[in-house]
Amino acid sequence: MSDDFGFFLLLMSNGLLIGLMYGLIALGFVLVYKATDAVNFAQGEFVMIAGILVAAALGVWKAPLWLAAGLGIAAMIGFGFALERTTLRKLIGRPVIAVVMATIGLASILRGIGPTAFGAGSRPLPLPIPDEPIVVGPLFIPPIQLVGGLVSLMFLGGFGWFFVKSRKGIAMRAVADNQQVAMAMGINVQRYFGLAWAMTGMVSALGGIIWGNIIGVDVNLSLVGFKVFPVVILGGLDSIPGAVIGGLIVGLVENIAAGYVDPYVGGGTKDFAPYVLMILALMIRPYGIFGKKIIERV
Amino acid sequence: MIHRECGVLKTTYEADMGLYPLPIAKWTVGIIAGLFFAVIPLTLHEYYLSIANLVWIAVIGALGLNILVGYTGQVSIGHGAFMSVGAYTAANLATRLDSPWPVNLLAGGLMAAAVGAVVGIPSLRIKGLYLAIATLAGQLIIEWTINHVTFISGGVQASIEVPRPRLGSMVLSSQRDMYYFLLVFVVLAIVGTMNLVRSRVGRAFIAIRDQDIAAEIIGIDIFRYKLLAFAISSFYAGMTGVLYTYFLGIANYEQFQIGVSIDYLAMIIIGGLGSVLGSIFGAIFVTLLPIVIRLSMEAFGGMFLPQQVVLNLIPNLRLMMFGALIVFFLIVEPDGLNRLWRNIRSYFRIWPFAY
Amino acid sequence: MRHFGIGLLAALVAVMGALGALSPAAAQQEIVIGLQCDRTGPTQIVGTVLCPGFHDYIALVNSKGGVEGHKLRALEIDHEYKVPPAVESYERHKKEGAVTMAIYGTPQIYALAAKLTEDKIPGTSPGFGSAAAADGIRYPYIFPIAATYWSQGTAAVDFVKKQLGGSLKGKKIAFIFYDNPAGREPIEVLEDLAVIEGFQFKMFAVPPPGVEMGAQILDIAQRFRADFVIGHLFGGAPAVSIKEFKRVGYPLKKVVSFVWGSAEANIDAAGGFAVAEGYYTMQFAGVGSDYPVLNEIREMYKKEGKPAPKEMASTVYYNRGVLIAALHVEAIRNALKAKKDGKITGADVKAGFEKISNFTLGGLVPPLKVTPTDHEGGGLVQIWQVKGGKFEKVTDWYSAYTDVVAKHIKQAASK
């Protein structure tokens, strides 16, 4: 039965690596929520725009990879800042659903702009990473997944350190905790909001590059944004390690469902299996595994 | 000049608590009813009536969602799935048991209400965004179930044709027939919702939205009322699904996917959370917007750009404008079209005086 | 107060009446074709190329004086692959006096089938659902006019049989498909063939939107170890599948894709022709730029002083647009020949479709034979392979197991 076991290992490795990459996108979501309490339903579209920019730079303007990637990251950081200044600043203090709808509207705008500015065809995003899988025993590991997982861990580690140890990170956490007190302590709240969105932009840029390589750059790239939800809800909306763990769990569950449940029920469970797990987890821990409990007072 | 309350005196409590106690309100409602019952269907072309029918269906759905999100404060992204539950229940009954359309309508609504109550169970523990995503999970699971369980979906194609509704010997098939058919239900839904929110149940909903912990303390069983809100809202959604199926002549789950749920959320937010008039405005706005954009682009776009570019531009422009308008409304008027309307109304109320 | 109310009512009636009078634009001498397109939805990779092909052919016909002296007008409406806008576009086309409609999308044709039949307007659904609509008696106003998913399924199995040495007994065929009605349509025919030919058949569903299918492809390659894969994906999914197959080391020359995963656009999205070397594709229209009608279109653009549109380079979907337009034009031509006064209705165009035979447009269109009982025209496809940087023709027009397909059509009609 070692063949079956080999397949199981394959599914595990695939699940874990893909899960890390989900975590990368979830990180963008968590950053914004942690710092500004805003829910970003347009995370997928950020990734898509970043991917389109980099793919266009590579394909149309024939820029070398480092330039294209740098351009993409810089553009997305700028985009994050601009977005916060123009739209999101006006929505501070509104109820949750208002910000949710605003980001949904933003997602719609971005989905329209992408094809209009860059054409509707699908573009590849070639990276100097070989396509042939690395063979380790029974495991086939596509190099791009390895790179994606490493980048993801790097960012998670980096941001984790940032929020705990660096001055700016602690200031950001203070802003998220209680805006008015932070302002009273002399922290420029608006600048930190801008910084949070800029960080999301940067993370989205990397997510766009990696996911764009895996699934091609077109409107459909925004659909990876949907995977974000079970990841952040499982992990807790404002927890960075939660984004990693949530991503890993979702990746594993998806692959197990696809490998072992799908053949019996005709397929398709892969997409909602993480959601079922999420609901079960929420019933036990309503704020996610690592989420911060919101204490309500009358 | 149009000061409404001058000279209006009531002698009984019931008279004072009526839906439209002021004479001008009665007149306005009468004119609007006349417009929609007589003028529009008799003069407009079938194409415009088909658009009106789409609007009516959206109104019923938006009213239902507003009960849940606007009045009870539970965000739900599962509205599309409840519509599909209603649609498939009715379609299955119609084709398997040959039951008449009133039975199908009621059964579809009740089945959707039951499913909605089940999806609402997590609301006991979960709140806010977490609950919204849990309802999203409900949407996906229901979609998958309908897609895969052939007993419900009627085969691989997952679409069931339904025969046209019959009224005695008359078969309702033209857009004009459909218009009257739908209008009856829209009126029922509007009146029903208006009365619901004035009732004890409605007040409980509003209490839960505003301060659910305080509501629980003063004795409102919030779990029961939350489930009731989900059930009633899903009943409306189920009715919407059934009516939509009768409008199209076919039930197909791909019409009720997550994009639809988000569209309905957009309707009630743009229209105004927690108001009946807001739901109506929102439904009209969101349904008509893509059509208006397309018509205007077709009329004017040809002047500036070559045809192919226009054709490519129109649908993307629609997406962009849809999103831009949502964001615009949220920034400028977060309480939606309803608040805009009320501002206009209170301006005229004391016109020509300033205050 | 009373006067105010009545006056208002009167004014409104006047306005409404004026609006109502703006109804149908009478198509004098001009024949309207209703075209549905998906330029912003999940299959925009197809729509943004197919619809320009349609428009270009109509423009070509008009530049030569139209059909029997009548000019054509193709009215396009984008429906994002959703059903409500499709229904609204149908009503709009009807209002403009369309006598024939090019429907796009499987859920759309299902939703509109009843209306098309009621309103007696023919609608085409080439290369997608519903396969049962090939039955011209049961569905008099639906015209697949190209290989339906059932015919594509049988043709694929026949091709695989030839590739695997003439016999499928004991072999393993994997079917990777989109988990929606369009994707599931061929399954019943494929399962039937599995029994007839004795091969092991396993299905692998990819839920829409199909951006991530690593586990399914791992299963096909490593656990099930398929001898051949039949792919039925569309939108962005075919490109993802090509990349995934490469990533697990499964040879692309053991993969054949149905008609909607088989275009330059899909190959480009996967990273280019070099990446997709060996991939087999099924086509229902000719591939490449080497057809007389395409040269004529290029000539037409040159005469207007404009360069040929870049969509022409994406020949697979563009040529399909031309094919669909050409078949509509032929049906209209047949209708006009039968009715000399030029006032044709949907029913006339329906009869016109049913007369189409031996119309090949220089090889771009397969030799279809549409009859009142067979609205599919024969279920003909070609197989082209990605080789050396471009598409290379592997087979000529063929169809397979037509008896099996006919049996299923009959079964569907009796339901």
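Structure: see above.
As the structure is a prediction and not an experimental result, all values here were calculated from the model.

**Student:** I would appreciate a short explanation of the interface of chain A and chain C in the present structure.
**Tutor:** Between chain A and chain C, the residue contacts involve 40 residues of the former and 32 residues of the latter. Interface of chain A and chain C: buried area, both sides summed, is about 2900 Å²; carbon and sulfur atoms make up 58% of it. Joining chain A to chain C, the criterion identifies zero salt bridges. Linking chain A with chain C are one residue pair in polar contact (both at pLDDT 80 or more), by the criterion used here. Contributing elements (two or more residues each) for the side of chain A that touches chain C: α1 (2-36), α8 (189-215), α10 (240-265) and α11 (269-284) of chain A. Ranked by residues supplied to the side of chain A that touches chain C, first place goes to α1(A) with eight residues. The class makeup of the residues in the side of chain A that touches chain C is 20 nonpolar, eleven polar and nine charged.

**Student:** Could you clarify how one ought to interpret the interface of chain B and chain A in this entry?
**Tutor:** How big an interface is tends to be stated in terms of accessible area lost as the parts join. Across the boundary between the two partners, chain B contributes 39 residues, which contact 45 residues of chain A. Buried surface at the junction of chain B and chain A, summed over both partners, amounts to about 3700 Å²; 81% is from carbon and sulfur atoms. Secondary-structure elements contributing two or more residues to the side of chain B that touches chain A are α6 (128-148), α10 (212-217), α12 (258-271) and α14 (307-332) of chain B. Of all the elements, α14(B) adds the most residues to the side of chain B that touches chain A, at eleven residues. By residue class, the composition of the side of chain B that touches chain A is 32 nonpolar, four polar and three charged.

**Student:** I would appreciate a short explanation of the nonpolar core in the present structure.
**Tutor:** The nonpolar side chains of a soluble globular protein tend to be buried, and buried together. Grouped together as the largest cluster of nonpolar side chains are 357 residues, with contacts concentrated most on A:Trp211, C:Ile230 and C:Trp260. Examining the composition of this core, we find that 17 residues originate from one element, α1(A), more than from any other. Summarising the domain contributions, this core has at least three residues from each of domain 1 (27-147 + 285-379) and domain 2 (149-283 + 381-414) of chain C.

**Student:** When you look at unusual backbone geometry in this model, what are you seeing that I'm missing?
**Tutor:** For residues other than glycine, phi is negative in most cases, and the peptide bonds are mostly trans. A positive phi angle, close to 55°, is found at B:Asp98, a residue other than glycine. For B:Asp98, the position within the fold is in the loop between α4 (79-97) and α5 (101-119). Backbone geometry places C:Asn358, a non-glycine residue, at a positive phi of 60°. Inspection of the secondary structure assignment puts C:Asn358 in the loop between α13 (346-353) and β11 (382-387).

**Student:** Whenever I open this one, the pairing of strand β1 (residues 30-37) of chain C confuses me. Can you help?
**Tutor:** Along any regular strand the residues' side chains alternate between the sheet's two faces. Residue and element names in this part refer to chain C. In terms of burial, β1 is a largely internal element, seven of the eight residues being buried. Judged from the eight bridges that link them, β1 and strand β2 (residues 71-78) form a sheet pairing that is parallel. Residue pairing for β2: Gly34 is matched across the bridge by Leu75. In this fold, β1 hands off to helix α2 (residues 44-63), which returns the chain to β2; that crossover is right-handed. As paired elements, β1 and strand β3 (residues 98-102) share four bridges and run parallel to each other. Paired with Leu35 across the strands is Ala102, a residue of β3.

**Student:** Explain the sheet that holds strand β8 (residues 228-232) of chain C here, please?
**Tutor:** Working definition: the strands of a sheet are paired by backbone hydrogen bonds and lie parallel or antiparallel to each other. Residue and element names in this part refer to chain C. Spatially, the seven strands line up as an open sheet ordered β7-β6-β8-β9-β10-β11-β12, and their pairing is mixed. Here the strands that pair on one side only, and so sit at the sheet edges, are β7 (200-206) and β12 (390-393). On average, each strand axis in the sheet is tilted by 25° relative to the strand beside it, whichever way the strands run. In terms of strand pairing, strand β6 (residues 172-178) meets β7 through seven bridges, oriented parallel. Bridge assignment links Lys172 to a residue of β7, and that residue is Gln200. Packing against the sheet, helix α5 (residues 149-163) makes contact with β6, β8, β9 (255-257), β10 (280-283) and β11, and its axis sits at approximately 160° to β8.

**Student:** In this structure, what is going on with the packing of helix α3 (residues 46-71) of chain B against helix α8 (residues 175-198) of chain B? I would like to understand it.
**Tutor:** Helix-helix packing is characterised by the crossing angle of the two axes and by the distance between the axes. Residues and elements named next belong to chain B. Viewed as axis vectors pointing N to C, α3 and α8 meet at an angle of 20°, and their least axial separation amounts to 9 Å. Here α3 lies roughly parallel to α8, going by the angle between them. For α3 against α8, the interelement crossing comes out left-handed. Tallied by class, the residues present in the contact of α3 with α8 amount to 19 nonpolar, four polar and two charged.

**Student:** Can you help me understand the side chain of B:Ser84 in this one?
**Tutor:** Looking at the element boundaries, B:Ser84 is found in helix α4. For B:Ser84, a relative accessible area of 3% corresponds to the buried category.

**Student:** Please clarify how the packing of helix α6 (residues 167-177) of chain A against α8(A) should be interpreted in this entry.
**Tutor:** Residues and elements named next belong to chain A. Running from N to C, α6 and α8 cross one another at 110°; their axes reach a closest spacing of 10 Å. Between α6 and α8, the crossing angle belongs to the class labelled roughly perpendicular. Residue-level contacts link Lys168, Ala171, Met172 and Val175 of α6 to Val189, Tyr192, Phe193, Leu195, Ala196 and Met199 of α8. Of the residues assigned to the contact of α6 with α8, the class counts are nine nonpolar, no polar and one charged.

**Student:** I keep staring at the sheet that holds β3(C) and nothing clicks. Help me out?
**Tutor:** Residue and element names in this part refer to chain C. Taken in spatial order, the five strands line up as β2-β1-β3-β4-β5 in an open sheet, and their pairing is parallel. Single-partner strands in this sheet number two, and they are β2 and β5 (142-143). Where strand β4 (residues 123-124) and β5 come together, two bridges link them in parallel fashion. Each residue of the ladder has a partner; that of Gly123, found in β5, is Ile142.

Criteria and cut-off values
Residues numbered from 1 in each chain as written. Chains lettered and ligands numbered in written order. Predicted model: local features only at pLDDT ≥ 70, side-chain atom pairs only at ≥ 80, totals over all residues. Heavy atoms only, no water. Contact = heavy atoms within 4.5 Å. Buried area = accessible area lost by both parts, 1.4 Å probe. Salt bridge = Lys/Arg side-chain N within 4 Å of Asp/Glu carboxyl O. Polar contact = N/O pair within 3.5 Å; in protein donor to acceptor, adjacent residues only side chain to side chain. Helix = DSSP H or I, 4+ residues; strand = E, 2+ residues; numbered from the N terminus. Nonpolar A, V, L, I, M, F, W, Y, C, P; charged D, E, K, R; others polar. Core = buried A, V, L, I, M, F, W, Y, C linked by side-chain atoms within 4.5 Å. Buried < 20%, exposed > 50% of the residue type's maximum accessible area, 1.4 Å probe, protein only. Domains from an automatic or database assignment. Pairing = 2+ DSSP bridges. Right-handed = clockwise from strand over helix to strand, strands pointing away. Axes fitted to C-alpha atoms, helices over the stretch in contact; angles between N-to-C directions. Parallel < 35°, antiparallel > 145°, perpendicular 65-115°, else oblique. Left-handed = near helix turned anticlockwise from the far one by under 90°.

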